Amino acid sequence: MKQTMKRCIYAALSAVFAILLLFVIFVTSFEAVCYWMPGLYHHEFEKYQVLETMKTWKGDEMTMEDLDKVMEQTMIYLRGDRENLIVETTINGEPAEFYNANEKSHMADVRVLFVRCLTLRALAILTLLAIAALLIVLAHGQALRILGRGYLVTCAVILTLVIILGLLAMTDFTKYFTIFHEIFFSQGNWLFDPRESRMIDVMPEGFFYDIAARVFMVFLGAVAALLIPDIIFAFRSRSKRRG
């Protein structure tokens, strides 16, 4: 009975550990794409010819250098490292604010979501350390095997769901992009008219599709990198048992 109870506790702890680890990997993958890839936004702006779009819809002209600076300040704001989104730039040769009131409202909501994710990641990391320490004490040298097995099983389930969701998003990105916003931004301030919003001009749907695809690939790559040693370890353990 005690052995059965121990196995259940170990299985539960390893499953929680794996879920939290995957959450940490996902948030870090998002951060890596959005903050650690130099020139990403410049490349996207050129790819979608956003300056031409802004001129077409609003008659506004600005340089790519100024737009890059606007995006840099925007990303600083979204991390919580800037107090507000009053971003001054030069448009049509004159000083002007880039974002309007509705855009600022939506970006404030995005900031809250992102900062919460960063906070939750920090808490998840502390919990991961606590679970690992607890298993080291309780499992007497079997902690790595228990955590590895839990990670393999949990990944098999969650990765299947992630891949299914990824494939669905690829088939109709607009639909799932809308669902995402309806869930997390139910107040509805995320709908913009390209004749009034510069943000929708410089960040078209294709821009977000590219970012999401990169996050998806980085996440899968990181998860796979951790799976490889687990699979090798599990294979060797089975071989030893048979031997």
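Scroll up to find the structure this text is about.
## Looking at the pairing of strand E2 (residues 94-97)
- Sheet topology places strand E1 (residues 88-91) next to E2; four bridges connect them, and they run antiparallel. Bridging across to E2, Glu88 finds its partner in Glu97.
- Linking two consecutive strands that pair antiparallel, namely E1 and E2, is a turn of two residues; a positive phi of about 55° is found at Asn92 within it.

## Some points on the environment of Val33
- Looking at where Val33 falls in the secondary structure, it is placed in helix H1 (residues 2-35).
- Using a relative accessible area of 0% as the deciding quantity, one classes Val33 as buried.
- Measuring from C-alpha to C-alpha, the distance between Val33 and Arg214 comes to 6.7 Å, with 181 residues separating the pair along the chain.
- When near neighbours in sequence (up to four residues on either side) are disregarded, Val33 contacts Leu40, Ile211, Arg214, Val215 and Val218.

## Digging into the state of the cysteines
- Summed over the entire model, instances satisfying the criterion amount to zero disulfides.
- Not engaged in a disulfide, the cysteine Cys34 finds its nearest cysteine sulfur in Cys117; these two sulfurs lie 11 Å apart.
- Residue Cys34 is classed as buried on the basis of its relative accessible area, which comes to 9%.
- With no disulfide of its own, Cys155 has Cys117 as its nearest cysteine by sulfur position, at a separation of 19 Å.
- What makes Cys155 buried here is its relative accessible area of 1%.

## Here we look at the pattern of salt bridges
- Scanning all chains against the criterion turns up eight salt bridges.
- Salt-bridge contacts for Lys55 lead to Glu61; the nearest nitrogen and oxygen are separated by 3.8 Å.
- When its relative accessible area of 45% is taken as the criterion, Glu61 is described as partly exposed.
- Between Arg198 and Asp60 there is a salt bridge; the shortest N-O distance is 2.8 Å. Placement of Arg198 in helix H8 (residues 198-202) and of Asp60 in the loop between helix H3 (50-58) and helix H4 (64-78) is noted, with a sequence separation of 138 residues between them. The two residues Arg198 and Asp60 agree in class, both being buried.

About the thresholds
- Residues numbered from 1 in each chain as written.
- Predicted model: local features only at pLDDT ≥ 70, side-chain atom pairs only at ≥ 80, totals over all residues.
- Heavy atoms only, no water.
- Pairing = 2+ DSSP bridges.
- Helix = DSSP H or I, 4+ residues; strand = E, 2+ residues; numbered from the N terminus.
- Buried < 20%, exposed > 50% of the residue type's maximum accessible area, 1.4 Å probe, protein only.
- Contact = heavy atoms within 4.5 Å.
- Disulfide = S-S within 2.5 Å.
- Salt bridge = Lys/Arg side-chain N within 4 Å of Asp/Glu carboxyl O.

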